[in-house]
Structures are given as C-alpha cells and as structure tokens.
Amino acid sequence: MKKTLLLIFCLAILSPASYANSFSDVTQSHTYHTALSYLKEKEAINGYQDGSFKPYNEINRAELLKLLMESSGISLDEPKEKCFKDVEIGLWYSKYICTAKEKEIVSGYEGNVFIPGQHINKVEALEILAKL
C-alpha cells in the first residue's frame, strides 16, 4: 500500500498531462496544478464547497486521513456505531476515521477521542503513513 501511495503522488507530480482548472484558486500555472488535478480526477480530493482547494491552508487530522485512505485502496464502509466519542456517524469523515481505527492505522487520544478538526503535525502524519 505504501508503494501505491508513493506511486500515485509521484505520477501526480511528474505527469505531463494537461488538466483543466480543477479548483478556482489553483491556476494552470500553479506549481501543484497537475498533482492536485490528478488527485481530484482520481477522487482522492475534492476541495471545498465553494470550488476552491486552499492549497496553503494547514490540513487537519480528518482531511489528511481522507486523502490517505482514499489513495490507499483500502475498502471503506460507513460505520454503524461511533468509533471515537467525537466522531459522529454520518459525518463526511466518519468512514475514514472508523476504518483507519479498525485497521489499527490510528488510535486517537486518551479518553477515546480523535479530534478530527485539529491540525495534524508531522509526526502524526508520518505515523499514519508508516501504518498504511
């Protein structure tokens, strides 16, 4: 799975393909246009409801997990019960977080919470990548 993720990101960055503007704030001349367009085409990312991607915003725990889980090829199921106290069933990120917990990719914090909206640090991100 790690090789698949690495391959997807390398192809996205190195692909000579020309993509239409996928996001309102990422022009065709933007450094990451091709990579972001490729990932959107593969449905690994979809941006915000207003059509933007906000490429320089910090990423939170739920957003990164969605990106990595979508890119990993792991089968995702909607959870039937809460996997963490702060992850409600039916939210856009619940299937990613609960599947990752079930596969022992994430364990959350003390008190059985995940804190999906918290910005993720490098160590946490690398730990998730190492477990995929």
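Below or above, wherever it landed, is the structure these notes cover.

Reading the values: the criteria
- Residues numbered from 1 in each chain as written.
- Predicted model: local features only at pLDDT ≥ 70, side-chain atom pairs only at ≥ 80, totals over all residues.
- Heavy atoms only, no water.
- Helix = DSSP H or I, 4+ residues; strand = E, 2+ residues; numbered from the N terminus.
- Buried < 20%, exposed > 50% of the residue type's maximum accessible area, 1.4 Å probe, protein only.
- Areas by Shrake-Rupley, 256 points an atom, 1.4 Å probe, with all protein chains shown as cover.
- Disulfide = S-S within 2.5 Å.
- Axes fitted to C-alpha atoms, helices over the stretch in contact; angles between N-to-C directions.
- Parallel < 35°, antiparallel > 145°, perpendicular 65-115°, else oblique.
- Left-handed = near helix turned anticlockwise from the far one by under 90°.
- Contact = heavy atoms within 4.5 Å.
- Nonpolar A, V, L, I, M, F, W, Y, C, P; charged D, E, K, R; others polar.
- Phe/Tyr/Trp six-rings, centres within 6.5 Å; stacked < 30°, edge-to-face > 60°.
- Lys NZ or Arg CZ within 6 Å of the ring centre and 35° of its normal.

Describing the overall build of the chain
Across its full length, the chain carries 5 helices and 0 strands. Listed by position from the N terminus, the elements making up the chain come as α-α-α-α-α. Here the chain holds 132 residues, and 37% of them are scored as buried. A total of about 8,300 Å² of accessible surface is found on the chain, and carbon and sulfur atoms cover 54% of it.

Overview of the state of the cysteines
With the rule as written, the count across this model stands at 1 disulfide. Bridging Cys 83 to Cys 98, the disulfide has an S-S length of 2.1 Å. Measuring handedness by torsion sign, the sulfur bridge of Cys 83 and Cys 98 sits at about -80° and is left-handed. Here Cys 83, found in the loop between helix H3 (61-72) and helix H4 (94-102), pairs with Cys 98, found in helix H4; they are 15 residues apart in sequence, far enough to count as distant. For Cys 83, a relative accessible area of 11% gives the class buried.

Topic: the packing of H3 against helix H5 (residues 122-131)
Running from N to C, H3 and H5 cross one another at 25°; their axes reach a closest spacing of 11 Å. The angle between H3 and H5 places the two elements in the roughly parallel class. Considering only the axes of H3 and H5, their crossing is right-handed. Two secondary-structure elements touch here, H3 through Arg 61, Leu 64, Leu 65 and Leu 68 and H5 through Glu 124, Ala 125, Ile 128 and Leu 129. Considering only residue class, the contact of H3 with H5 consists of 6 nonpolar, no polar and 2 charged.

Focus: the packing of aromatic side chains
A complete count under the given rule lists 3 aromatic pairs for this structure. Centroid distance Phe 23 to Phe 53: 5.0 Å. Interplanar angle 45°. Geometry classified as tilted. In this pair, Phe 23 sits in the loop between helix H1 (2-14) and helix H2 (33-41) while Phe 53 sits in the loop between H2 and H3, placing the two residues 30 residues apart along the sequence. Ring geometry for Phe 84 against Phe 114: centres 5.4 Å apart, planes inclined by 40°, an arrangement best described as tilted. Taken as a pair, Phe 84 in the loop between H3 and H4 and Phe 114 in the loop between H4 and H5 lie far apart in primary sequence, 30 residues in all. Given the relative accessible area of 1%, Phe 114 is considered buried. The aromatic ring of Tyr 48 is capped on one face by Lys 54, whose charged end is 4.3 Å from the ring centroid.

Limitation: the analysis is restricted to geometry and does not speak to function.
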